[in-house]
Each structure stands twice: as structure tokens, then as C-alpha cells.
Protein chains: 2
Amino acid sequence: MTATPDTDAPTEAPARGKRPKQGEPVIDRALSLLAVFSDRRRALTLSELARHADMPAPTALRLISRLVAWGALERLDDGRYVVGVRLWEVASLSPRGHGVREIALPYLEDLFEVTRHHVLLAVRDNEEAVLIERLSSKDATEVAYRVGGRAPLRSTAVGLVLLAGADQHFQEAIMAKPAEKEPGVAEMPEGQLRRTLSDVRRTGIAMIRRSHPSMTVSVASPIFDAQGSVVAALSIVVPDGSTPPNVLAPAVRATARAVSRNLGHQATVSTEVRTHSRG
Amino acid sequence: MTATPDTDAPTEAPARGKRPKQGEPVIDRALSLLAVFSDRRRALTLSELARHADMPAPTALRLISRLVAWGALERLDDGRYVVGVRLWEVASLSPRGHGVREIALPYLEDLFEVTRHHVLLAVRDNEEAVLIERLSSKDATEVAYRVGGRAPLRSTAVGLVLLAGADQHFQEAIMAKPAEKEPGVAEMPEGQLRRTLSDVRRTGIAMIRRSHPSMTVSVASPIFDAQGSVVAALSIVVPDGSTPPNVLAPAVRATARAVSRNLGHQATVSTEVRTHSRG
DNA sequence: AGGTGGCTTTCAATGGTTGGAATAGTATTG
DNA sequence: CAATACTATTCCAACCATTGAAAGCCACCT
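Rules of the game
Residues numbered from 1 in each chain as written. Chains lettered and ligands numbered in written order. Predicted model: local features only at pLDDT ≥ 70, side-chain atom pairs only at ≥ 80, totals over all residues. Heavy atoms only, no water. Helix = DSSP H or I, 4+ residues; strand = E, 2+ residues; numbered from the N terminus. Buried < 20%, exposed > 50% of the residue type's maximum accessible area, 1.4 Å probe, protein only. Contact = heavy atoms within 4.5 Å. UniProt positions renumbered as here; feature names shortened; annotations may be inferred. Salt bridge = Lys/Arg side-chain N within 4 Å of Asp/Glu carboxyl O. Nonpolar A, V, L, I, M, F, W, Y, C, P; charged D, E, K, R; others polar. Pairing = 2+ DSSP bridges. Domains from an automatic or database assignment. Axes fitted to C-alpha atoms, helices over the stretch in contact; angles between N-to-C directions. Phe/Tyr/Trp six-rings, centres within 6.5 Å; stacked < 30°, edge-to-face > 60°. Lys NZ or Arg CZ within 6 Å of the ring centre and 35° of its normal. Core = buried A, V, L, I, M, F, W, Y, C linked by side-chain atoms within 4.5 Å. Polar contact = N/O pair within 3.5 Å; in protein donor to acceptor, adjacent residues only side chain to side chain. Arc of directions from axis to C-beta. Parallel < 35°, antiparallel > 145°, perpendicular 65-115°, else oblique. Left-handed = near helix turned anticlockwise from the far one by under 90°. Least-squares fit on C-alpha atoms with pLDDT ≥ 70 in both.

**A short note on the overall build of chain A**
Turning to step 1, where the next piece is worked out: Counting its secondary structure elements, chain A contains 9 helices and 8 strands.
Turning to step 2, where the next piece is worked out: Going through the 279 residues of chain A one by one, you find that 47% of them count as buried.
Turning to step 3, where the next piece is worked out: Of all intrachain contacts in chain A linking residues separated by at least 6 positions in sequence, the fraction that spans at least 24 positions is 51%.

Here you go:
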């Protein structure tokens, strides 16, 4: 610190080898280890973890050992590591994760029972939607997303609902960015997007038609908390051409409202009328 | 370390005040912060977290900030902290958490649909069972446990199944300990417990009658993975006196077997016959 | 106004953390 | 079967992130 590195006058690289990159907070490193796990990487060896998290093996081992001791990770018989039940347990206390899910599940099931199509529940995390729950019969249409996975905001029905419910500032930030191309979904120019979001807010319904994994139509509706903010989105995904969307919409809206009510939201008679009505 | 504390000849306490208790790995501290969250404590203030995790506020703040930056925790508008979606997302990759659940859910739903009673799915973590999933209609009997919660091994149906499926060494260790008293469940002396576990292994069914939150009967059955080890337990909980247990047992066993098959388990014709039958 | 309690920032001392090197173990190859 | 390549683990001295008392804020209560 105080000493100036006056002694270094090597040819070019200060590669005296010493400590290449030291100085990242321990926690960040530990978390970056957790972040290595993904849908495709559910069981990893020490060296894989070390490589992907970009840290020397001994360091990774030390951190991982702690995580294992606590139960955040578990070690399989073959020496590989997987995410542990203990972590899952704590995560199940996440209000926006299992919290909403727990309250919504019975209603999702009702909707699923009646329609026998995919029913999805998602929340927003930063600039993406995270799938919290998905109900599917064993013989339903192919669907793109899995529970715990992420979906874009601009090109999915739940995404549009969540985006429409976000604060103005955030919406502008999203629209400022160029939309990344999503396979099988029609591009939407900014003007149309703005109109769509406004419609979603007014009607409480978002609709998207996609052709990629298969021809499907998604109909989504917002879920509100006691403060009236959009905390989640519920949607149904049906094969294009089966049940007409305008038939699905009421069912989806009704279900979403039922969940909202259970979250303490004082529903107004119409979505449009939202002035000073106090329960 | 190397230097002997020769200089200390104070009156009594070396309480020169300096660093009271410093020297716990950072990760452990961070994890102990996560561990503070529980069913009853889902949203906590900084000072609450610091108090329960037993560390000074500034330290807690520093650690928490990192966790928030990553998404393991989230901060509410009122300043309190809750478990974040990002953590939930990673945790959803837990093979024994969401993994089994994802595969089992459709089957659990079938069973639930037919019986309209509580359906539970649990795995073992150390000396307890952890509830992975619970399906309940809005109008079902009161039940003691919630998803993400823990239940004792010796006095619940799923617990007995998991215990019976654990390795011999572990079972002995459990039985060596005195059984903690569980309200509403009949005590079971060691001899009877041994016999019960043996029965469970033979029949693939465990049964427990409890009187506490309400009069109920639970019937559980093991779920096997491809290697033939018990990875989870499935159970149904019905009000005592409704459907007779011997009627439920086949349904529960059948469902558990269906899940096992999907996990890659090669079911044998009878549970009793398990010699050298391949494919 | 004074007091209380929670939250945040600062900062110098320090001990946990770090990663190269060496060792042991394991799979793959010639 | 030795050689090779890779992974996992242990060691340890240098070092820097970590630590928590102290003090400043802010909000709330009396």
C-alpha cells in the first residue's frame, strides 16, 4: 500500500508469478461457485467448478468444503457435487419463490384440472421472468421453459404482464435496449410494445402466439399483492387452434384474481377503476 | 500463534477489549445469516439478523450486502431482508429437492385427484425428513407439516420409510439415541421399531396413526432411484376412520412405484424377491 | 428537547485467506 | 505394465480482505 512498486522494472510482464488475481470478497467467490450450477450442469466435479468459477483448485476446494459442511452443497458417491437440500430448504422461504407458489398452487391446480393445459406461474427477477411453477399433464404440448428457468420479458405472455406491471422507470430502461431475438415469436416494434403494455394494464390480459417449439398461444394475467403491485404472472399455454384465447382469458383472469385476493389484494370491481376504494 | 503469550500477566481477564470473537470463516458467517430465516422468520431487519447470527451489525451489514448484490437475499421497501429468487433458482437445481419433485409431481397429482387427501413427498436430510412437496385441497384435514419443513424420522410415516431405507449403520446410530417425544404419536420401544422397519422393508408400506393436530392415519411408501436406494418417501394422510388404510396402501405403493420407474428403477415383481433379476 | 434504537460509514490492526508447489490418487493411453 | 494426464488433497508463508469499535445519522418515541 504505502510502498510504491519502485522495484519493478522488468521487461514487460510483471509476471513475477506471485498472486495473479487475489482480492475478491470470499462470499462473492462462494456464490460464484453456486452460480456455476445450471440446468445442464447439475452435478460437477471439483475441477469443473474451479474452472467455471475461475479460481484455483485449492481455493475452490476450501470454499466448497464449507458449503458442503453447511449443506448448501452435497457430495455424491462419485465425488461430484450437487446443490443440497439444506439450501433448498432455506430457499423455500423465499416469498417470491415458494411464497407466492404455495398460495397460488391450489388455484393453479383448479385451472389445470379444468383445462388440462400447461399452467405457468412466474415472477420477475431483474430483466427476466423466472418460472416458479409449471403444471403439465404427461400428455400436453411441448413447452419451452422449466421450473427455475428464465424467460425473456418482451416475448412471453408472463413476461409482458410482469413488464407491464413494473415501474415506469424500469420499463423505459428495458425498451431502450434492443430486443433480443426470440425464436418463433413475432418481433414487436417499440410503438406496438407500448400499446400492448398499456392494453395489458387495462385489460389484465396478455397474449402471445409462438411457433417455435410448437404452435402455441399463451394467455397471461397479473397477480397483485396487498399493496397493489404486480408480484407474479399466471398463464396458460394451449396448442394454437384448440381453445380460442377469448374463451381462456376469463378463466385465467379469474384464477389470477383469486390468487391476488388470497395475497391480500383488495380487488376493485373493474381493473380500470382504481381510485380510493378502501376495503 | 508462534509467539507465546508471555507478555500477558494481567489481573484476570485478557479482556484488553480488542477483537472479542474473530476468526470464524467468512462463509460460515454468511451461511449462518441464511440459517436465521425460518418459517416464522421470513422477513428480518439488519439488527435481527445480526442478533440471531450473533455478530456485530457492521459485519452483518457487509455480508448481507454481498448476498443482496448476488440475489441470495432481497431487500424490501421497509428495509427488511428476505430470501431472494436467485437463491431459489439455484436451489431448484437440487436433485433431491426439486429434482425428485419434478418427476414425482404428475403422479402425486393423480393420486391426489383420486383420493382428495393430503399427499406428501419427503427426503431425508441427516436425522430428519424434509418435506419436498405437499398437495392439499383447500378443504382437507389439518396437517402438521409444511413444504420445506422438517419432520422426525421415528414418528412419521415418511420418516419410517426413509429410516428403513437408510444404511444399517445410520439406522443403528438413530436407534442408539433416545427418541424425542412427538405429540400425538404413540411411543415405540426399540424392539417394536426394529420389527416395524423390517416390515416396512418387506411390504413397502409404513403406517402411523396420530392424534395431535387431528386424528389422522398416514400411509407411506418408498421411492427408489436407479441404484435401488431409497431416495424419497411418498405418503397420504387421511382422517382416521375415513378410508381404511388397507385400501389406501395399494394406491400409495402403486404411485410410489410409478415414480421409481421414472427415476430409472428396475422394479422387481415383488419387493421380497430381489436377487439377481436384471432388466 | 432529550433519549432510544436501528442503520451506515470510517479506519487501522490483524488473522483468515490465498494459491503455488508438492503429493497422492485415478483414469487413459501407448 | 509403465507412461501420461488429469484430478483431488495437503502444506504453508505472504498478504490483503476482513473485522468491529467508534462515531455520525436518521427516525421515532416520550
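**Regarding unusual backbone geometry**
All names here are of chain A.
Turning to step 1, where the next piece is worked out: The phi torsion at Asp 54 lies on the positive side, around 60°, for a residue other than glycine.
Turning to step 2, where the next piece is worked out: Mapped onto the elements, Asp 54 comes out in the loop between α2 (46-52) and α3 (57-70).
Turning to step 3, where the next piece is worked out: Overall, the relative accessible area of 54% leaves Asp 54 in the exposed class.

**Some points on the UniProt feature "domain: HTH iclR-type" (unreviewed entry) in chain A**
Turning to step 1, where the next piece is worked out: UniProt tags residues 24-85 of chain A as "domain: HTH iclR-type" (unreviewed entry).
Turning to step 2, where the next piece is worked out: Here residues 24-85 of chain A is 53% helix and 10% strand, with 28 Å between the C-alpha atoms at its ends.

**Looking at the interface of chain B and chain A**
Turning to step 1, where the next piece is worked out: Taken together, the contacts link 55 residues of chain B with 55 residues of chain A.
Turning to step 2, where the next piece is worked out: Summed over the shared surface of chain B and chain A, the number is 8 salt bridges.
Turning to step 3, where the next piece is worked out: Of the charged contacts in the structure, one is a salt bridge between Arg 101 of chain A and Glu 133 of chain B, with a shortest N-O distance of 3.1 Å.
Turning to step 4, where the next piece is worked out: Of all the secondary structure elements, the ones that give two or more residues to the side of chain B that touches chain A are α1 (26-36), α3 (57-70), β2 (81-83), α4 (85-91), α5 (95-115), β3 (118-125) and β4 (128-135) of chain B.
Turning to step 5, where the next piece is worked out: Among the residues forming the side of chain B that touches chain A, the class breakdown is 30 nonpolar, 7 polar and 18 charged.

**Focus on the pairing of strand β8 (residues 230-239) of chain A**
Residues and elements named next belong to chain A.
Turning to step 1, where the next piece is worked out: With 7 of its 10 residues buried, β8 lies for the most part within the structure.
Turning to step 2, where the next piece is worked out: Where strand β3 (residues 118-125) lies against β8, 5 bridges are found, and the strand directions are antiparallel. Opposite Ala 122, over in β8, you have Ala 233 as the bridge partner.
Turning to step 3, where the next piece is worked out: Bridge count for strand β7 (residues 216-224) against β8 is 9 bridges, and the pairing is antiparallel. By the bridge assignment for β8, Pro 222 is matched with Ala 233.

**Notes on the domain arrangement of chain A**
Turning to step 1, where the next piece is worked out: Here the domain parsing of chain A yields domain 1 (26-89) and domain 2 (95-262).
Turning to step 2, where the next piece is worked out: Here domain 1 of chain A and domain 2 of chain A have C-alpha centroids that lie 32 Å from each other.

**Let's talk about the sheet that holds strand β5 (residues 150-152) of chain A**
All names here are of chain A.
Turning to step 1, where the next piece is worked out: Pairing is antiparallel across the open sheet formed by 6 strands, whose spatial order is β5-β4-β3-β8-β7-β6. Each edge of the open sheet is held by one strand with a lone partner, namely β5 and β6 (206-210). When the angles between neighbouring strand axes are averaged without regard to direction, this sheet yields 35°.
Turning to step 2, where the next piece is worked out: Sheet topology note: the β3/strand β4 (residues 128-135) ladder contains 7 bridges and is antiparallel. Paired with Leu 121 across the bridge in β4 is Glu 133.

**Side note on the packing of aromatic side chains**
Turning to step 1, where the next piece is worked out: Overall, the coordinates contain 0 aromatic pairs over all chains when judged by the stated rule.
Turning to step 2, where the next piece is worked out: Over the face of the ring belonging to Phe 170 of chain A we find Arg 124 of chain A, whose NZ or CZ atom lies 3.9 Å from the ring centre.
Turning to step 3, where the next piece is worked out: Between the NZ or CZ atom of Arg 86 of chain B and the centre of the ring of Trp 70 of chain B, over which it lies, the distance is 4.7 Å.

**Observations concerning the nonpolar core**
Turning to step 1, where the next piece is worked out: Leu 87 of chain A together with Leu 87 of chain B are the most contacted members of the largest nonpolar core, which totals 110 residues.
Turning to step 2, where the next piece is worked out: In contact with Leu 87 of chain B, not counting residues within four places along its chain, are Leu 87, Val 90 and Ala 91 of chain A together with Leu 34, Trp 70, Gly 71 and Ala 72 of chain B.
Turning to step 3, where the next piece is worked out: Among the nonpolar cores identified, the runner-up in size contains 28 residues, and Phe 170, Leu 197, Ala 206 and Ala 220 of chain B belong to it.

**Comments concerning the environment of Glu 74 of chain B**
Turning to step 1, where the next piece is worked out: Within the element layout of this structure, Glu 74 of chain B appears in strand β1 (residues 73-75).
Turning to step 2, where the next piece is worked out: Between the alpha carbons of Glu 74 of chain B and Ala 43 of chain B there is a distance of 9.6 Å; along the sequence they are 31 residues apart.
Turning to step 3, where the next piece is worked out: Of the polar contacts made by the side chain of Glu 74 of chain B, one reaches the side chain of Arg 96 of chain A; its length is 3.0 Å.

**Here's the deal with the sheet that holds strand β5 (residues 150-152) of chain B**
Sheet strands line up and pair through hydrogen bonds in the backbone, either parallel or antiparallel.
Residue and element names in this part refer to chain B.
Turning to step 1, where the next piece is worked out: A sheet is described by the order of its strands in space; here 6 strands give the open sequence β5-β4-β3-β8-β7-β6, paired in antiparallel fashion. The sheet terminates laterally at β5 and β6 (206-210), the two strands that pair on one side only. Strand-to-strand twist across the sheet, computed as the mean angle between neighbouring axes with direction ignored, equals 35°.
Turning to step 2, where the next piece is worked out: The strands touched by helix α9 (residues 245-262) are β6, β7 (216-224) and β8 (230-239); relative to β7, the strand with the most contacts, the crossing angle is about 25°.

**Re helix α7 (residues 168-176) of chain A**
Residue and element names in this part refer to chain A.
Turning to step 1, where the next piece is worked out: Among the residues of α7, Phe 170, Gln 171, Ile 174 and Met 175 are the ones counted as buried. For α7, the angular spread of the buried residues around the axis is 130°, confining them to a single face. Counted as exposed and oriented over 90 degrees from the buried face of α7: His 169 and Ala 176.
Turning to step 2, where the next piece is worked out: On its buried side, α7 packs onto β3, α6 (157-165) and α8 (190-203).

**Some words on the packing of helix α5 (residues 95-115) of chain A against helix α9 (residues 245-262) of chain A**
All names here are of chain A.
Turning to step 1, where the next piece is worked out: Here α5 crosses α9 at 160°, and the two axes come no closer than 9 Å. The pairing of α5 with α9 is recorded here as roughly antiparallel in orientation. Judged by the twist between their axes, the crossing of α5 over α9 is right-handed. Contacts between α5 and α9 pair Ile 103, Ala 104, Tyr 107, Leu 108 and Leu 111 from the former with Ala 251, Thr 255, Ala 258, Val 259 and Asn 262 from the latter.

**Observations concerning the relation of the copies chain B and chain A**
Turning to step 1, where the next piece is worked out: Screw-axis analysis of chain B against chain A gives a translation of 0.1 Å along the axis, an RMSD of 0.1 Å, and a rotation angle of 180°. Both chain copies can therefore be described as sitting about a two-fold axis.
Turning to step 2, where the next piece is worked out: Both copies present the same face, since 100% of the interface residues in chain B are matched by interface residues at the equivalent positions in chain A.

**As for the side chain of Glu 133 of chain A**
Turning to step 1, where the next piece is worked out: The residue Glu 133 of chain A is located in strand β4 in this model.
Turning to step 2, where the next piece is worked out: Overall, the relative accessible area of 0% leaves Glu 133 of chain A in the buried class.
Turning to step 3, where the next piece is worked out: With residues near it in sequence (within four places) discarded, Glu 133 of chain A still touches Arg 101, Leu 105, Leu 108, Val 119, Leu 120, Leu 121 and Val 147 of chain A together with Arg 101 and Leu 105 of chain B.

**Comments concerning the pattern of salt bridges**
Turning to step 1, where the next piece is worked out: On inspection of all chains with the given rule, the structure shows 38 salt bridges over all chains.
Turning to step 2, where the next piece is worked out: A salt bridge links Glu 74 of chain A to Arg 96 of chain B; the nearest nitrogen and oxygen atoms lie 3.1 Å apart. Note that Glu 74 of chain A is positioned in strand β1 (residues 73-75) and Arg 96 of chain B in helix α5, a pairing that runs across two chains.
Turning to step 3, where the next piece is worked out: On the accessibility criterion, Arg 96 of chain B (25% relative accessible area) is partly exposed.
Turning to step 4, where the next piece is worked out: Residues participating in the shared-partner salt-bridge network are Glu 74 and Glu 89 of chain A together with Arg 96, Asp 125, Glu 128 and Arg 150 of chain B.

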